[in-house]
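# Remarks on the overall topology
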Amino acid sequence: MIIPTVNVFRMSLYKWGGYTDDKTFVGFQNFSKLFQSDKFYQTFQNSVLLIVIVTVVTFALALIFASILSREQLKGQNLLRIIFYIPNILSVVVISAIFSAIFDPNSGLLNSILNLFRGSGAEPILWLGDQKIVIFSLGGAMIWQAIGYYMVMYMASMANVPESLYESAELEGAGRSTQFFSITIPLIWTNIRTTLTFFIISTINMSFLFVMAMTSGGPDGATEVFLSYMYKEAYTNSSYGYGMAIGVVVFLFSFALAAILNAVTKREHLEY
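If you're wondering where the values come from, they're calculated on a predicted model, not measured in any experiment.

### Considering the packing of helix 3 (residues 38-71) against helix 12 (residues 240-264)
At a minimum axis distance of 13 Å, the contact between helix 3 and helix 12 shows a crossing angle of 35°. For the pair helix 3 and helix 12, the crossing hand works out as right-handed. In this structure, helix 3 contributes Phe40, Phe44, Val48 and Ile51 to the contact, and helix 12 contributes Val249, Phe253 and Leu257. Residue composition of the contact of helix 3 with helix 12, grouped by class: seven nonpolar, no polar and no charged.

As structure tokens, then:
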């Protein structure tokens, strides 16, 4: 792991096509070019927007579903757990194909349902073709893929919370929502911190796979993210050194984001 990582930093200082021995040392010229590129700032904006949308929605829904399936006596609980987890074991390519079909403007499921209320003659919504909404469509597919995995992790943590705490809270008149925010969340906070950091980093990686499978960065760069931009520069445009400079920036951004997140979410450890 160390040698390839160091090589990324080293090659970011060279101008190199990636397929020959002809390397030219250019120092920080690649980084200078990068920070003057409007394309880079667009990919930065897209990446941060995806991280925020996918993280907030995924963790909110995963916590809610985990709480319901852990505490409520529902019929077919085990079946529901399996159904929620299925998206996580599917290939990203399969999920992308499913959502591309759902988002199809002419025969897709989503527009077909909306047409029941809008009328069959309504202009179709271009879920993957409209620059204003395509990033949210992509985020929807990523959320669907991730919820089940984190739900199962939170259910495992919630199973360790003593039932006596909830019983005492009920005797004191605390409702379900109060118990959730005052007992469940604080007692599984360590697990939430860990998964939150992991998820944000993995979102940067997963967004590349979804972008390449669903939109290829389009329309007009509206879904271009860090790693898809790096990939195209390094392997399509044969600007390997420039691509590695993008890789270095992504690494530093991820590291800084994880450090900030750990500092912000630090809480006193609770024992029970």
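### Some details on a nonpolar patch on the surface
A contiguous nonpolar surface patch, about 410 Å² in accessible area, is contributed by Phe9, Phe251, Leu252 and Phe255. Looking at the nonpolar patch element by element, the count peaks at three residues for helix 12. In this structure phenylalanine 251 comes out as partly exposed when scored by relative accessible area, which is 40%.

### Considerations on the nonpolar core
Generally speaking, nonpolar side chains in soluble globular proteins are found buried as a group. In this structure, Leu63, Tyr154 and Phe210 are the most contacted members of the largest nonpolar core, which totals 59 residues. Broken down by element, this core gets its largest block of residues, 12 residues, from helix 7 (residues 134-158). Grouped together as the second largest cluster of nonpolar side chains are five residues, Met11, Ala234, Tyr240 and Met244 included.

### Here's the deal with the packing of aromatic side chains
Counted according to the given criterion, the structure contains 25 aromatic pairs. Between the aromatic rings of phenylalanine 59 and phenylalanine 199, the centroid separation amounts to 5.2 Å while the plane-to-plane angle is 80°, which identifies the pairing as edge-to-face. In this pair, phenylalanine 59 is assigned in helix 3 and phenylalanine 199 in helix 10 (residues 189-214), connecting sequence segments 140 residues apart. Note that lysine 23 overlies the ring of tryptophan 16, its terminal NZ or CZ placed 4.5 Å from the centroid. The positively charged end of lysine 33 is found above the aromatic ring belonging to tyrosine 242, 4.5 Å away from the centroid.

### Here we look at the environment of phenylalanine 65
Note on placement: phenylalanine 65 falls in helix 3. For phenylalanine 65, a relative accessible area of 24% puts it in the partly exposed group. Considering only alpha carbons, one finds phenylalanine 65 and tyrosine 150, 85 residues apart in sequence, at a separation of 10.0 Å. Beyond its immediate stretch of four places on either side in the chain, phenylalanine 65 contacts Phe84, Ile147 and Met151.

### A look at helix 3
The end-to-end C-alpha separation of helix 3 is 49 Å, in line with the 50 Å expected for 34 residues at 1.5 Å each. The residue sitting at the N-terminus of helix 3 and contributing the capping side-chain oxygen is serine 37; that oxygen lies 3.2 Å from the backbone nitrogen of lysine 39.

### A few points about the side chain of serine 67
With respect to the helices and strands, the residue serine 67 is situated in helix 3. Taking the relative accessible area as the measure of exposure, serine 67 reaches 14% and is therefore buried.

### Some words on the pattern of salt bridges
According to the stated counting rule, one finds three salt bridges in the structure shown. For the salt bridge of lysine 39 with glutamate 224, the shortest nitrogen-to-oxygen distance reads 3.7 Å. Taken together, the positions of lysine 39 in helix 3 and glutamate 224 in the loop between helix 10 and helix 11 (226-236) put the pair 185 residues apart, joining distant regions of the chain. You can call lysine 39 partly exposed: its relative accessible area is 31%. With its nearest N and O atoms 3.1 Å apart, the salt bridge here joins glutamate 224 to lysine 232.

### Here's the deal with unusual backbone geometry
A cis geometry characterises the amide bond from glycine 218 onward to proline 219, with omega recorded as -5°. Along the polypeptide, proline 219 turns up in the loop between helix 10 and helix 11. We note that serine 216 has phi near 55°; this positive angle belongs to a residue other than glycine. Inspection of the secondary structure puts serine 216 in the loop between helix 10 and helix 11. The phi dihedral of aspartate 220 falls on the positive side, at around 55°, and the residue is not glycine. Owing to a relative accessible area of 63%, aspartate 220 belongs among the exposed residues under this scheme.

The rules behind the values
Residues numbered from 1 in each chain as written. Predicted model: local features only at pLDDT ≥ 70, side-chain atom pairs only at ≥ 80, totals over all residues. Heavy atoms only, no water. Axes fitted to C-alpha atoms, helices over the stretch in contact; angles between N-to-C directions. Helix = DSSP H or I, 4+ residues; strand = E, 2+ residues; numbered from the N terminus. Left-handed = near helix turned anticlockwise from the far one by under 90°. Contact = heavy atoms within 4.5 Å. Nonpolar A, V, L, I, M, F, W, Y, C, P; charged D, E, K, R; others polar. Patch = residues over 30% accessible without salt bridge, like charges linked within 9 Å, V, L, I, M, F, W, Y side chains within 5 Å. Areas by Shrake-Rupley, 256 points an atom, 1.4 Å probe, with all protein chains shown as cover. Salt bridge = Lys/Arg side-chain N within 4 Å of Asp/Glu carboxyl O. Buried < 20%, exposed > 50% of the residue type's maximum accessible area, 1.4 Å probe, protein only. Core = buried A, V, L, I, M, F, W, Y, C linked by side-chain atoms within 4.5 Å. Phe/Tyr/Trp six-rings, centres within 6.5 Å; stacked < 30°, edge-to-face > 60°. Lys NZ or Arg CZ within 6 Å of the ring centre and 35° of its normal. Expected span 1.5 Å × (residues − 1). Polar contact = N/O pair within 3.5 Å; in protein donor to acceptor, adjacent residues only side chain to side chain.

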